[in-house]
Amino acid sequence: MPTVHLLDYVAGNIRSLVNAIEKLGYQVDWIRSPEDVPKAEKLILPGVGHFGHCLSQLAHANYLAAINKHIEAGKPFMGICVGLQALFEGSLEDPGVAGLGIIKGSLGRFDDTAKSVPHIGWNSANTAGHPMYDLRPDSKYYYVHTYKFPYLKGELEAQGWTVATGTYGSETFVGAVARGNVYATQFHPEKSGVAGLRTIRAFLTGEGAASLTRPLMDGASSSASSSADTAATSFADGLTRRVIACLDVRANDQGDLVVTKGDQYDVREKSDDRSVRNLGKPVELARRYYEDGADEVTFLNITSFRDCPVADLPMLEVLRQTSRTVFVPLTIGGGIRDTVDTDGSKVSALEIATMYFKSGADKVSIGSDAVIAAEEYYSLGRKLFGNTAIEQISRAYGNQAVVVSVDPKRVYVPKLDATRHNVVATRFPGPKGEPYCWYACTIKGGRETRDMDVVELAQAVEAMGAGELLLNCIDKDGSNSGFDLELIAQVKAAVKIPVIASSGAGIPAHFEDVFQQTTTDAALGAGMFHRGEYTVKQVKDYLKEKGLLVRPFEG
Ligand code: 1PR
């Protein structure tokens with residue numbers, strides 16, 4: 001089997017990249033010291049998290065000179081995400097840290113005045129017709145980043161680079177660059193489904209590098225062939241509406257791991273035996289949703305597995321197996337908190353998250369522990385000490401790797417000033433006709449309600465470094481009556497980080513409603529997919545029909 005070398009210096013989900021490479025028929029060998037770099041023919045530099053963290057790790061371990069030598073020798077090199085950013089001279093993220101300086105220029109931050117940051121989701125890599133590592137104009141690629149190199153027509157082309165761009169809001173940024181033996185993507189090809197596997201293949205076979213010298217692809221504008229005009233011609237916002245499939249997983253009474261689904265978090269059948277609803281097997285369902293075009297898959301482990309050593313948690317194996325066949329982002333939630341293992345030893349939330357990342361997760365989702373941390377944050381006068389699970393995990397793996405899952409439920413009030421909490425005037429009054437409500441946060445799967453509203457929680461966890469919110473709603477869960485648009489609008493107005501709307505989806509039109517009537521960044525469905533009422537593809541086809549931008553289906 002042909003071999004590709006991966007540089008093993010970085011935290012994060014490297015397993016998916018290995019899985020993608022192996023799926024393409026190549027074998028991965030690891031570079032674990034700078035002395036090993038010369039033995040690599042093809043070298044991949046993956047990267048997640050902070051620019052400064054990655055670059056200083058590379059510098060301390062003396063990798064930078066070895067990487068430069070590899071590139072100067074004309075051997076194939078691919079950088080991914082921070083691996084692309086590393087090619088530049090520096091980044092606003094960590095101004096004191098130098099990059100490789102192979103590309104002139106420094107990265108800036110996305111403007112968050114009118115859009116969510118980080119930029120998370122599926123966007124274009126538009127080459128304006130220039131052949132480039134099999135990137136295709138209609139395909140979408142999975143990005144997750146806060147810093148970017150702004151695209152200025154002709155700037156990188158003048159340095160000899162071929163450029164692919166994405167546009168987020170009104171900002172057009174560099175999505176990929178290629179020159180000679182070097183290829184780098186801001187997006188994660190290993191998480192970009194069929195389109196991502198295609199571009200990795202083009203790197204591995206050498207076809208991609210060869211393609212750079214070919215003439216413009218059919219249909220590309222001829223003006224794009226002039227040297228100062230070699231990049232994107234379309235600068236319209238290319239970020240698609242993300243549709244996520246969610247699997248609540250737990251052990252049933254027979255001890256089998258099943259996908260289940262509750263109504264207002266009650267996952268037991270209404271029949272006399274009250275058995276746990278069994279809607280299928282986690283790995284199989286995840287694969288089906290991926291093949292149906294789900295943009296992400298989320299697993300929520302809703303059993304505590306108290307008698308199981310942490311290292312044997314069944315969800316670790318579910319992730320290992322899923323990440324072999326599912327090449328879109330995987331999130332895992334449930335039980336991400338400091339824990340005492342069965343042998344009495346302490347295991348930190350960060351250690352548990354690390355196990356999940358090593359098993360193929362891209363993000364971890366924190367529920368109950370986030371509420372407790374937020375309560376402490378306010379009781380200590382909004383001060384942070386770096387010791388919460390959110391802070392520790394986002395410091396090690398980047399904000400984008402930390403989702404906070406919120407389980408709120410409505411509390412109705414008769415007047416605006418009847419509570420200290422953030423209220424909304426609701427179109428759906430309470431049982432006594434109350435015209436206002438606030439959303440109380442709960443913990444332990446909705447079993448315990450806390451004196452904290454959803455706005456307070458969202459703002460506290462954003463300050464701690466959470467990268468995204470998974471916004472459930474207990475009142476709506478399993479109801480098939482549509483998302484709670486009032487809740488989503490309230491939270492969206494309170495934070496800059498992306499929000500995933502969840503709970504209540506029953507028909508494709510509910511997805512249209514939430515995307516048209518709120519500024520949500522993504523929407524998640526569970527029961528409607530598990531019960532086979534609609535497929536993810538049907539939802540996305542419907543959204544497309546309604547004029548909303550979705551990632552095209554690529555079988
Ligand atoms: O507190 O960090 O251990 O995390 C526990 C996680 O498990 C939280 O994310 C919490 O939301 C979840 N959870 C706990 N108990 C339940 C339960 O159902 N009994 N599931 C549960 C929550 C909600 C959804 C669901 C949507 C969409 N599930 O994510 O998938 O409501 O459903 P629908 O489209 O069918 O309406 P911690």
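Note: the structure precedes this text.
Residues numbered from 1 in each chain as written. Predicted model: local features only at pLDDT ≥ 70, side-chain atom pairs only at ≥ 80, totals over all residues. Heavy atoms only, no water.

Draft legend 1. Up close: the sheet that holds strand E5 (residues 90-91). Spatial strand order, E5-E6-E9: three strands in an open sheet with mixed pairing. Lying at the two open borders of the sheet, with one neighbouring strand each, are E5 and strand E9 (147-148). As judged from the two bridges shared by E5 and strand E6 (residues 106-109), these two strands associate in the parallel manner. Looking at E6, one finds that Ser-91 is bridged to Leu-107. (Pairing = 2+ DSSP bridges. Helix = DSSP H or I, 4+ residues; strand = E, 2+ residues; numbered from the N terminus.)

Draft legend 2. Geometry of the side chain of His-145. By secondary structure assignment, the location of His-145 is in strand E8 (residues 141-145). With a relative accessible area of 5%, His-145 lands in the buried category. Only 2.9 Å separates the side chain of His-145 from the side chain of His-119, close enough to count as a polar contact. Polar contacts involving the side chain of His-145 include one to the main-chain carbonyl oxygen of Tyr-147, which spans 3.0 Å. If we ignore the near neighbours within four places in the chain, the residues touching His-145 are Gln-85, Phe-110, Pro-118, His-119, Phe-173 and Gln-186. (Buried < 20%, exposed > 50% of the residue type's maximum accessible area, 1.4 Å probe, protein only. Polar contact = N/O pair within 3.5 Å; in protein donor to acceptor, adjacent residues only side chain to side chain. Contact = heavy atoms within 4.5 Å.)

Draft legend 3. Representation of helix H14 (residues 508-517) in the model. Burial within H14 is extensive, with seven of its ten residues counted as buried. Taken as a whole, H14 has its buried residues at Pro-508, Ala-509, His-510, Phe-511, Glu-512, Val-514 and Phe-515. Looking at the buried positions of H14, the neighbouring elements they touch are strand E13 (242-251), helix H13 (485-494), strand E26 (499-501), strand E27 (522-525), helix H15 (527-530) and helix H16 (536-545).

Draft legend 4. Fine view of the side chain of His-510. Inspection of the secondary structure puts His-510 in helix H14. For His-510, a relative accessible area of 11% corresponds to the buried category. Sequence-distant contacts of His-510, defined by excluding residues within four places in its chain, comprise Asn-480, Ser-481, Gly-482, Phe-483, Gly-504 and Ala-505.

Draft legend 5. Molecular detail of the packing of helix H1 (residues 15-23) against helix H8 (residues 314-325). Where H1 contacts H8, the two axes come as close as 8 Å, and the packing angle between them is 45 degrees. As judged from the angle between their axes, H1 and H8 are oblique. Handedness of the crossing formed by H1 with H8: right-handed. Packed against H1, whose contacting residues are Arg-15, Ser-16 and Asn-19, the element H8 presents Arg-320, Ser-323 and Arg-324 at the interface. Looking at side-chain class alone, the contact of H1 with H8 contains no nonpolar, three polar and three charged residues. (Axes fitted to C-alpha atoms, helices over the stretch in contact; angles between N-to-C directions. Parallel < 35°, antiparallel > 145°, perpendicular 65-115°, else oblique. Left-handed = near helix turned anticlockwise from the far one by under 90°. Nonpolar A, V, L, I, M, F, W, Y, C, P; charged D, E, K, R; others polar.)

Draft legend 6. Local environment of the packing of helix H7 (residues 282-291) against H8. Running from amino to carboxyl end, H7 crosses H8 at an angle of 25 degrees, the nearest separation of the two axes being 9 Å. As judged from the angle between their axes, H7 and H8 are roughly parallel. Handedness of the H7/H8 crossing: right-handed. For the pair H7 and H8, the contacting residues are Pro-282, Val-283, Ala-286, Arg-287 and Tyr-290 in the first and Val-318, Gln-321, Thr-322 and Thr-325 in the second. Taken together, the residues that form the contact of H7 with H8 break down as five nonpolar, three polar and one charged.

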